[in-house]
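# Secondary and tertiary structure notes
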Amino acid sequence: MDLTQLRYFLAVAEHGSISGAARVLDIRQPTLSVAIKNLEEELGGTLLHRDARGVSLTSSGQVVLEEAREALQTLERMRARLEGLESGTVGSFEVGCNESLGAYFMPELIRTFIEAHPQIEVSIWNGSSDLVRQRVIDRRLDFGICVNPQPHDDLVIVKLFRDGVEVYVSAEEPEPKTTMDALARIRRGPLVGARRMVQVQDLIARFESDEVMPARFIDCGDLHMVRSLIGRGVGVGLLPRRVAHTEGPGKLRKLHRKLPAYPDMISLLYRGDLHRTRAAMVLKEVLVEHGRSLRVDDPREGSILPPE
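Below you will find a few notes about this structure. Everything quoted here is computed from the prediction, not taken from an experiment.

### Section: the packing of aromatic side chains
- Applying the stated criterion to the full structure yields one aromatic pair.
- Between Phe143 and Tyr270, the ring centres sit 5.9 Å apart and the planes meet at 65 degrees, which makes this aromatic pair edge-to-face. Here Phe143 is found in strand 5 (residues 143-147), whereas its partner Tyr270 is found in strand 11 (residues 262-271), with 127 residues between them in sequence. Tyr270 carries the same exposure label as Phe143, and that label is buried.
- Cation over ring: Arg135 sits above Trp125, and NZ or CZ is 4.1 Å from the ring centre.
- A cation over a ring is seen here: Arg242 above Phe161, with NZ or CZ 5.2 Å from the ring centre.

See below:
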């Protein structure tokens with residue numbers, strides 16, 4: 001059905017005459033008459049009573065009037081919503097985040113973002129970096145914040161900052177004077193970490209190779225629990241720098257600068273065919289800007305340098 005015919009019909013119904021509607025629509029009267037006739041033929045009914053005084057609606061015409069008004073109003077609402085989605089800061093998005101990143105990456109970003117963009121809804125999904133990456137590929141997440149993501153043909157990967165998993169102890173412990181003293185401290189243990197992490201597995205393998213792996217290893221899946229245990233003086237912990245320096249019971253410090261560490265790259269992921277609405281681009285830029293604001297180069301804690 002031609003929507004122009006419905007608009008013409010509404011004009012005729014509102015003005016009570018074909019000639020009056022033609023003047024308002026700025027079209028020729030015969031053109032309007034043909035359009036109304038075609039509409040009646042398409043719908044299979046008579047819509048107008050015609051006499052010398054003008055036109056009036058038949059019962060069928062009254063039904064078409066009511067339905068046409070509703071249909072055109074729905075169409076206008078649809079156009080307005082699409083315009084808002086395409087060019088306005090309106091939309092709904094889901095961002096995936098590696099569990100260990102969530103506690104320090106998301107809170108400040110979300111707080112400031114919802115204040116600045118109240119019409120953009122953002123929800124957060126937590127999981128491992130591999131799961132976040134896969135859900136972005138599968139279009140189940142709009143964006144992902146991941147540690148060391150593997151490339152994929154469908155993904156855009158934006159490097160944000162470097163981090164790394166290193167050896168931490170409670171700040172209340174005495175500092176080892178030499179690397180050998182630090183290795184002896186690791187050997188005493190216990191060693192606490194999340195064995196599921198590739199970074200932790202790599203460091204354990206190095207400790208075993210150097211024959212400093214302690215007899216007791218406490219496997220803890222939650223990194224903030226690892227941080228809490230180390231802060232309470234339980235032992236030596238393997239933690240990402242950012243997690244080690246988040247708030248929690250007891251301050252931590254790196255055991256020794258010359259101990260092995262596993263470097264990490266934190267990146268933003270999204271599909272190359274992401275629907276680039278204005279709201280999506282606003283969120284993407286905020287994620288990038290916030291991520292890159294977390295770059296640090298602290299000589300006391302080792303370098304977390306910007307990407308090359």
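The structure having been displayed, the exposition proceeds.
### A short note on the pattern of salt bridges
- Inspection of the entire model under this criterion finds 11 salt bridges.
- Linking Glu40 and Arg50 is a salt bridge whose minimum nitrogen-to-oxygen distance equals 3.4 Å. Remark: Arg50 occurs in strand 1 (residues 48-51) and Glu40 occurs in helix 3 (residues 29-43); sequence separation between them is 10 residues.
- Its salt-bridge partner being Glu173, residue Arg185 comes within 2.9 Å of it at the nearest N-O pair. Of the two residues, Arg185 sits in helix 7 (residues 179-188) while Glu173 sits in the loop between strand 6 (155-170) and helix 7, which places them 12 residues apart along the sequence.

### Side note on helix 8 (residues 198-209)
- Its 12 residues place the ends of helix 8 17 Å apart at the C-alpha level, agreeing with the 16 Å of an ideal helix rising 1.5 Å per residue.
- When we look at burial in helix 8, the residues that qualify are Gln199, Val200, Leu203, Ile204 and Phe207. What you see down the axis of helix 8 is that its buried residues fit within an arc of 130 degrees, all on one side. Exposed residues on helix 8 whose side chains face more than 90 degrees from its buried face are Val198 and Ser209.
- After helix 8 finishes, the residue Glu211 shows a positive phi value of roughly 60 degrees.

Reading the values: the criteria
Residues numbered from 1 in each chain as written. Predicted model: local features only at pLDDT ≥ 70, side-chain atom pairs only at ≥ 80, totals over all residues. Heavy atoms only, no water. Phe/Tyr/Trp six-rings, centres within 6.5 Å; stacked < 30°, edge-to-face > 60°. Helix = DSSP H or I, 4+ residues; strand = E, 2+ residues; numbered from the N terminus. Buried < 20%, exposed > 50% of the residue type's maximum accessible area, 1.4 Å probe, protein only. Lys NZ or Arg CZ within 6 Å of the ring centre and 35° of its normal. Salt bridge = Lys/Arg side-chain N within 4 Å of Asp/Glu carboxyl O. Expected span 1.5 Å × (residues − 1). Arc of directions from axis to C-beta.

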